[in-house]
Amino acid sequence: MQLGVCYYPEHWPEERWAQDARLMRQAGLTIVRIAEFAWAKMEPQPGVYDWGWLDRAIETLAAEGLKVVLGTPTATPPAWLVRAHPDVLPVDAQGRRRAFGSRRHYCSNAPIYRTLSEQIVRAMGQRYGQHPAVIAWQIDNEFGCHDTARCYCDHCAAAFRRWLQARYGTLAALNEAWGTVFWSQAYGDWEEIDPPHLTVTEANPSHVLDYERFSSDSVVAFQQLQLDVLRPLTPGRRLTTNFMGDFPDLNYHDLARSLDLATWDSYPTGFAEMNSAYAYPEWEQRPTYAYDVGDPYITGFCHAITHGTKRAPFWVMEQQCGHVNWATYNPGVRPAAVRLWTWHAALAGAEAVVYFRWRACRFAQEQHHSGLLNHDASPAIGLQAVHALREELPHLPAERKQAKIALLYSYEDLWAFQLQPHRKGFDYRRLCFAWWRALQRLGLEADLIPYDADLTGYEMILAPGAFLVSQQQAQALEQAVRAGATLVLGVRSGVKSSSNVVTDEPLPGVLRSLAGATVTAWHSLPPGVSMALSGTCLPEGNEAAVWAEALRPEPGTLALLRYRDGALAGAAALTEHALGAGRVLYLGWYPQFAQLEALLRQWANALGLMALDLPDGVLAAQRDGEWVVLNFNETARTLVLDGRTVELPGCEITKLGTRS
Ligand code: GAL
Ligand code: ZN
């Protein structure tokens, strides 16, 4: 594990830089990320570059042996650029052109912006691409942040039409795929197709899904433009961008494909405050942990999404190391939190953690955000934590191997469910998060991967919401099952085709032969309505709520649970279909969290994957013959591990030899 920090030399007097660099080295930091917002400093006037300050900043860091990650500054086009080319400013879904004065104020489809971005990136690459201190590049910063993944300007409209022509070839094919016969939406000319916004009531969901794909592809293309410029100029350096964990608006699988490394920005307290609304449904109790550690499951889910994009060691490019300024309460944090976050990242598969930021900024938008140093340059709590971590770096968990469990995660399913959830509270991220958290509670590691990932080696494959699954994906799943995997399908599987229209086959559509069962009816259950379940794999008293599907098993498929009452009485609620060396389970209702834990425990144990019984807020995994256990609760927890009772102090890390 390497530690680093985000640094903004341009925010401080140059006389201070050498001291900062020395303090960084003394703290055991080895990586420094710089320059990602400094376009106006690098190119103060069109075509006039000022590299002096950046040359000296890099030299100052290099003189202390620090390695540099350079950010391309395209998240912040300078004022002169916007003034000369106002059409680079993006247009929001309300049709308003956004203004200069913060960041991310650009449209990635504006031709002039693409040209000017290419120029600044080329100039940077030519100057620093082969600098011995430069080890990696970050493209742009947090693509899509501040609701900028989708733009509705004229450039985007034109690019969207080209994208549609490439996808469908003919208007007839598009009209068919979108079902435009409905409400007289048929298009007779490509020019008639606009971005789907400002419609009177909801826009056609096939149209919108394609716009979401197109928007994501536009960002992928904008990133590619920069990658293509940099590659030849900076041989051997790793190219990356910084993701935002569970961010839903961009397809991170696509963005990661041509990167050398996946990274993300981890702000556990901020995310716990902002994202628990999707993570925890109103019908479940919302857990709390120590006040300053965030929610370890939300953080872990983000780590897993990032890891899953490449299934390789990743970096935390920005790691919270004190309070943030952009959430609700922005609590102050204690050194133990920074230590837990760093260990957690290592356990999740990170090979570097870069703290945000070196010193708290005195001015502008983020003046109330913390750094490793306070505004007055005195050490902040984060720096204490980093100094202590330096000693224990060799003991941090080693690289994680491929897990035995895969949880399939798809942005297309996410978007399609978001467009037509049918029931309040039905949310794809929430669904996947619940499955993920249940696995964590059972101490079961899982890789969160796309459908097109190689499924070899996974003993259990979980597909909680395979809404839009293709024939090809169904075949890959079948192959994995025949080879011995247990596949679990959740509700609403196989409902749609890739153009977001319902299949004309009985449900679960392309997954039906795999499931060995047919969904004969489905009910959205409003709050207070539930159906009793009976069967041996859950104790009596369990009920299906939220969403229930009636399953009719084919001959040879077992009904493991049935609905005992209500509209679906008598129908199967959980089926098991043996296929080749594996089996397929179809879970026909939206599981409550405790039910999910109970079922996953049984399924894992049947495969010989040892499920634990971890207290809430405690994470545990085996690395190098040792258990690494993290307790995110304020107070101690007791845990039985390999038959031993272990007492875990609050906000602490425990290591324990395994007994196998
Ligand atoms: C990140 C961003 C940083 C900084 C930070 C504050 O999202 O990349 O530039 O704004 O948040 O927490
Ligand atoms: Zn645009």
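For the structure, see preceding data.
Procedures and definitions
- Residues numbered from 1 in each chain as written.
- Chains lettered and ligands numbered in written order.
- Predicted model: local features only at pLDDT ≥ 70, side-chain atom pairs only at ≥ 80, totals over all residues.
- Heavy atoms only, no water.
- Core = buried A, V, L, I, M, F, W, Y, C linked by side-chain atoms within 4.5 Å.
- Buried < 20%, exposed > 50% of the residue type's maximum accessible area, 1.4 Å probe, protein only.
- Donors = N, O, S within 2.8 Å, 3.2 Å for Na, K, Ca; no water.
- Tetrahedral: all angles 85-135°; square planar, octahedral: opposite > 155°, others 65-115°.
- Helix = DSSP H or I, 4+ residues; strand = E, 2+ residues; numbered from the N terminus.
- Contact = heavy atoms within 4.5 Å.
- Near = heavy atom within 4 Å.
- Polar contact = N/O pair within 3.5 Å; in protein donor to acceptor, adjacent residues only side chain to side chain.
- Areas by Shrake-Rupley, 256 points an atom, 1.4 Å probe, with all protein chains shown as cover.
- Nonpolar A, V, L, I, M, F, W, Y, C, P; charged D, E, K, R; others polar.
- Pairing = 2+ DSSP bridges.
- Axes fitted to C-alpha atoms, helices over the stretch in contact; angles between N-to-C directions.

Asker: Give a description of the nonpolar core that names residues and reports values.
Answerer: By size, the foremost hydrophobic cluster in this structure holds 216 residues, and its most contacted members are Leu29, Ile34, Leu70, Tyr355, Tyr563, Trp589 and Leu600. The next biggest cluster of nonpolar side chains, apart from the first, holds 14 residues, and it includes Ile31, Leu261, Tyr267 and Ala327.

Asker: Give a detailed account of the coordination of the zinc ion (ligand 2), specifying residues and quantitative values.
Answerer: Distances from the zinc ion (ligand 2) to its protein donors, Cys107 (SG), Cys151 (SG), Cys153 (SG) and Cys156 (SG), fall at 2.2 to 2.3 Å. Taken together, the four donor atoms surrounding the zinc ion (ligand 2) define angles of 97 to 118° at the centre, an arrangement classified as tetrahedral. Along the chain, the residues donating to the zinc ion (ligand 2) are arranged with the sequence spacing C-x43-C-x1-C-x2-C. Note that Cys107 is positioned in the loop between helix H4 (79-84) and helix H5 (111-128) and Cys153 in the loop between strand E4 (134-138) and helix H6 (154-168), a separation of 46 residues in sequence. A residue is classified by how much of its surface remains accessible, and Cys107, at 1% relative accessible area, is buried. Exposure remark for Cys153: the relative accessible area of 3% places this residue in the buried category.

Asker: If you had to explain the environment of Val48 to someone new, which residues and values would you point to?
Answerer: The topology assignment puts Val48 in the loop between helix H2 (39-42) and helix H3 (52-63). Here Val48 falls in the partly exposed class, since its relative accessible area comes to 39%. Between the alpha carbons of Val48 and Ala385 there is a distance of 42 Å; along the sequence they are 337 residues apart. Contacts of Val48, omitting those with residues within four sequence positions, involve Met42 and Glu43.

Asker: Which residues make up unusual backbone geometry, and what are the values?
Answerer: A cis amide bond links Phe356 with the next residue in sequence, Arg357, at an omega value of -5°. Among the structural elements, Arg357 can be located in the loop between strand E9 (350-356) and helix H13 (381-392). Between Leu507 and the following residue, Pro508, the backbone shows a cis peptide bond with an omega angle of 0°. One non-glycine residue, Asp140, lies in the positive phi region at around 55°. Relative to the assigned elements, Asp140 resides in the loop between E4 and H6. If you check the backbone angles, Asp624 has positive phi at about 50° while not being a glycine.

Asker: Summarise the site of ligand 1; cite the residues concerned and give the values.
Answerer: In the vicinity of ligand 1, the contacting residues are Phe37, Arg103, Asn141, Glu142, Asp265, Tyr267, Glu318, Trp326, Phe356, Glu366 and His369. Measuring from an oxygen atom of ligand 1, one finds a side-chain N or O atom of Glu318 at 2.7 Å. His369 has a polar side-chain atom sitting 2.7 Å from an oxygen atom of ligand 1. Taking 310 Å² as the accessible area of ligand 1 by itself, protein coverage stands at 94%. Of the residues belonging to the shell around ligand 1, the class tally is four nonpolar, two polar and five charged.

Asker: Before we move on, can you summarise the sheet that holds strand E22 (residues 626-631) with the specific residues and values?
Answerer: One open sheet holds the three strands; their spatial order is E21-E22-E25, and the pairing between them is antiparallel. Each of the sheet's edge strands pairs with one partner strand only, and the pair in question is strand E21 (618-623) and strand E25 (653-657). The average undirected angle you get between the axes of adjacent strands in this sheet is 20°. Pairing geometry for E22 and E25, over five bridges, is antiparallel. Looking at E25, one finds that Val629 is bridged to Thr654.

Asker: Lay out the sheet that holds strand E8 (residues 314-320) in plain terms, naming residues and giving numbers.
Answerer: Spatially, E5-E4-E3-E2-E1-E9-E8-E7-E6 is the arrangement adopted by the nine strands of the open sheet, whose pairing is parallel. For this open sheet the edge positions go to strand E5 (238-240) and strand E6 (242-243), each flanked by a neighbour on one side alone.

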